[in-house]
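Analysis of the macromolecular model
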Amino acid sequence: MPATNPESESFRDLRSLINADAAELSMRLRARQLADFPPEAQKSLRRFSPAEAARFIGIAEGYLRQLAAEGRGPEPLSNGRRLYSIEDIEQLRQFLDGSGKGGRRYVPHRREGEALQVISVMNFKGGSGKTTTAAHLAEYLAFRGYRVLAIDLDPQASLSALFGLQPELDVADNDTIYGAIRYDDQRREMAEIVRATYIPTLHLIPGQLELMEFEHETPKALMTREGRDSMFFSRIGEALAQVSDAYDVVVIDCPPQLGFLTLSALCAATAVLITVHPQMLDVMSMSQFLNMTAGLLDVVANAGAATEYDWMRYLVTRYEPSDGPQTKLVGWMRSILGGRVLTHPMVKSTAIADAGLTKHTLYEVDRQQFTRQTYDRAVESLDLVNGEIEALIKQVWKRA
């Protein structure tokens, strides 16, 4: 179909132009999605090398090879190469815990007295790497053996797409968290909405445009609220309480605006991670975001919301170490925000961007698809960032 003639646009109003473009784009995108990802297609996870498996478990690669040579643990082989599925890695953790004589434990599930960790990943400005950060953090923790629930709170549903779901085709109405926090009699139990993924220790609550209904319905609910109805800011926390025993960590990908959904996620969180791109315009935008957030949290706190957190951190994303102005800006941020800026930034990498083009995280793609140095540098950066966050979780649980 030929492109629209720009000269003809003067004879059409803005509403008709937007409607026409939206319909055309939706049709073409759906056709492309169906071609690339047929409805019956299921996303799967590759197998991992001994080095990767050992890294996830937290043991030396040599020890893993020794276990395999002695016939202890699963025996994974593929075309003559020793490769490990995520199920094999989980079995190895169970085996090591069952056979170990020391005090160390390789299955890191919550223990008695350790509270569920709910991490809200947020930013006011698009392009800060918020969804990429949330996806890689959720997968990293799942690969490390934690039971993780990822919640896509963004109506654009990019997190859901990274985990293999097509929001327009795979996520029906009432299948998002809106189904568990809505105000009418169609509300569902949280357990009915949670979905398994291709990673056994990672579950997902997907998103889609339906989430915007919470933004539209909340003002009405506030005006007609009855005493038995809970306030909007407590609803996500109440929904999580229904399934809390099944998980160690919840990672919430918040929408890039301060609405009722974001405020509810903030009030449900035990920790907040704010992503920021090291450019002055992004830092200025973050300053506005913080000012607005502070004012709104004052309002909900006065209404009875809990606003105490175990930790809050800023994560520098898309960082280019060779960029002088970026380095200076990051140093300036550290001088103001101190230790609340994570020690390790997330470096900018074509490997992460290219993996995203095929709706994969970098952890899911094989090293051979990229230049080895590029891939290793990106994975190292991801592991350092996510490892620092894991250390914060362990600190809250008072683990060594």
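Model, not experiment: these values are computed from the prediction. Numbering of residues starts from 1 in each chain and follows the order in which that chain's sequence is written. Residue-level local features of this predicted model are given only where pLDDT is at least 70; pairs of side-chain atoms are given and counted only at 80 or more, and the full residue set underlies all totals for whole chains, interfaces and linings. Computation of side-chain values: all heavy atoms of the structure, hydrogens and water removed.

The way it works is that DSSP assigns letters per residue, a run of H or I at least four long becomes a helix, a run of E at least two long becomes a strand, and they are numbered from the N terminus. Of the regular secondary structure elements, the protein holds 16 helices and seven strands. Along the first, second and third principal axes, the C-alpha atoms of the protein reach 75 × 55 × 50 Å. For the protein, the proportion of its 400 residues judged to be buried stands at 48%. Here, Shrake-Rupley sampling with a 1.4 Å probe gives the accessible areas, and only protein chains in the shown set may cover a residue. For the protein, the accessible surface area stands at approximately 19,900 Å², while carbon and sulfur atoms represent 52% of it. Each residue's exposure class comes from its accessible area (1.4 Å probe, protein chains only) as a fraction of the maximum for that residue type: buried when under 20%, exposed when over 50%, partly exposed otherwise.

Quick look at the pairing of strand S6 (residues 271-276) now. Most of S6 is tucked away: six of the six residues are buried. Burial along S6 is two-sided: Ala271, Leu273 and Thr275 facing one way and Val272, Ile274 and Val276 facing the other are all buried. Any two strands with at least two DSSP bridges between them are considered paired. With four bridges joining them, strand S1 (residues 117-122) and S6 adopt parallel strand pairing. Across the sheet, residue Ser120 finds its bridge partner in S6, namely Val272. Looking down the strands as they point away from you, a crossover is right-handed if its path from the first strand over the helix to the second goes clockwise. As for the winding sense of the linkage, the β-α-β connection from S6 through helix H13 (residues 280-302) to strand S7 (residues 311-316) is right-handed.

Moving on to the packing of aromatic side chains. Here a Phe, Tyr or Trp ring, Trp counted by its six-membered ring, pairs with any other such ring whose centre lies within 6.5 Å, and the pair is stacked when the planes are under 30 degrees apart, edge-to-face when over 60, and tilted otherwise. Enumeration over the complete set of coordinates arrives at 11 aromatic pairs. Arranged with centres 4.9 Å apart and planes meeting at 75 degrees, the rings of Phe232 and Phe260 form a pair that is edge-to-face. Separated by 28 residues along the polypeptide, Phe232 in the loop between helix H10 (212-223) and helix H11 (235-241) and Phe260 in helix H12 (residues 260-268) bring together distant segments of the chain. Accessibility expressed as a relative area gives 7% for Phe232, which makes it buried. Of the aromatic side chains, those joined through ring pairs into one cluster are Phe48, Phe56, Tyr140, Phe143 and Tyr363.

What follows concerns the sheet that holds strand S4 (residues 202-205). If you trace the seven strands from one edge of the open sheet to the other, you get S3-S4-S2-S5-S1-S6-S7, paired in mixed fashion. In this open sheet, the two strands that pair with only one neighbour each are strand S3 (195-196) and S7. By definition in these notes, contact holds between two residues if any of their heavy atoms fall within 4.5 Å. Every axis corresponds to a line fitted to the C-alpha atoms, with the helix fit spanning only the stretch in contact, and the corresponding angles, defined between N-to-C directions, vary from 0 to 180 degrees. Contacts from H12 reach S1, strand S5 (249-253) and S6, with the element oriented near 145 degrees to S1.

The subject of this paragraph is the domain arrangement of the protein. In terms of domains, the protein is made up of domain 1 (48-97) and domain 2 (115-395). Source of the domain bounds: an automatic or database domain assignment. Inter-centroid distance (C-alpha atoms) of domain 1 to domain 2 is 31 Å. Counting from both sides, the interface comprises 10 residues of domain 1 and, opposite them, 11 residues of domain 2. Taking both partners together, domain 1 and domain 2 bury about 860 Å²; carbon and sulfur atoms supply 53% of that area. A quick way to say it: buried area is the sum, across both parts, of accessible area lost when two parts are put together, with a 1.4 Å probe. Three residues, Arg55, Phe56 and Ile86, lead the burial of domain 1 against domain 2; their summed loss comes to 52% of the area buried on that side. Between Lys or Arg on one side and Asp or Glu on the other, a salt bridge is scored when a side-chain nitrogen of the former is within 4 Å of a carboxyl oxygen of the latter. At the surface where domain 1 touches domain 2, the tally comes to one salt bridge. A salt bridge links Asp383 to Arg55, with the nearest nitrogen and oxygen atoms 2.6 Å apart. Here a polar contact means two N or O atoms within 3.5 Å. Within protein one must be a hydrogen donor candidate and the other an acceptor candidate, and residues neighboring in sequence count only if both atoms are side-chain atoms. In this assembly, domain 1 and domain 2 are joined by five residue pairs in polar contact (both at pLDDT 80 or more). Among the elements of the structure, helix H2 (50-57) and helix H4 (86-99) are those that each provide at least two residues to the side of domain 1 that touches domain 2. In the side of domain 1 that touches domain 2, the residues fall into four nonpolar, one polar and five charged. In this classification, Asp, Glu, Lys and Arg are treated as charged, Ala, Val, Leu, Ile, Met, Phe, Trp, Tyr, Cys and Pro as nonpolar, and every other residue, Gly included, as polar.

Before going further, it helps to examine the packing of H12 against H13. Put simply, H12 and H13 touch, their axes get as near as 11 Å, and they point 70 degrees apart. In terms of their interaxial angle, H12 and H13 are classed as roughly perpendicular. Here H12 contributes Leu263, Leu266 and Cys267 to the contact with H13, which in turn contributes Thr293, Leu296, Leu297 and Val300. Its residues assigned to classes, the contact of H12 with H13 shows six nonpolar, one polar and no charged. In these notes the angle categories are as follows: under 35 degrees is roughly parallel, over 145 is roughly antiparallel, 65 to 115 is roughly perpendicular, and the rest is oblique.

A word on the side chain of Arg46. Relative to the helices and strands, Arg46 resides in the loop between helix H1 (14-36) and H2. Among the polar contacts listed, one links the side chain of Arg46 to the side chain of Glu52, at a separation of 2.8 Å. Here the side chain of Arg46 touches Glu364 through a polar contact of 3.2 Å, landing on its backbone oxygen.

Here we take up the pattern of salt bridges. Scanning all chains against the criterion turns up 18 salt bridges. Arg147 is the partner of Asp248 in a salt bridge, and the nearest nitrogen-oxygen pair spans 2.8 Å. Of this pair, Asp248 sits in the loop between H11 and S5 while Arg147 sits in the loop between helix H5 (130-143) and strand S2 (148-152), and the two are 101 residues apart along the sequence. With relative accessibility at 0%, the residue Asp248 sits in the buried group. The shortest N-O distance in the salt bridge between Asp175 and Arg195 comes to 3.4 Å.

Counting buried positions along S2 gives five out of five residues, so the element sits mostly inside the fold. Taking every second residue as pointing to the same face, both faces of S2 are buried, with Val148, Ala150 and Asp152 on one and Leu149 and Ile151 on the other. Here S2 pairs with S4 via four bridges, running parallel. Bridging across to S4, Ile151 finds its partner in Ile205. Here S2 pairs with S5 via five bridges, running parallel. Bridging across to S5, Val148 finds its partner in Val249.

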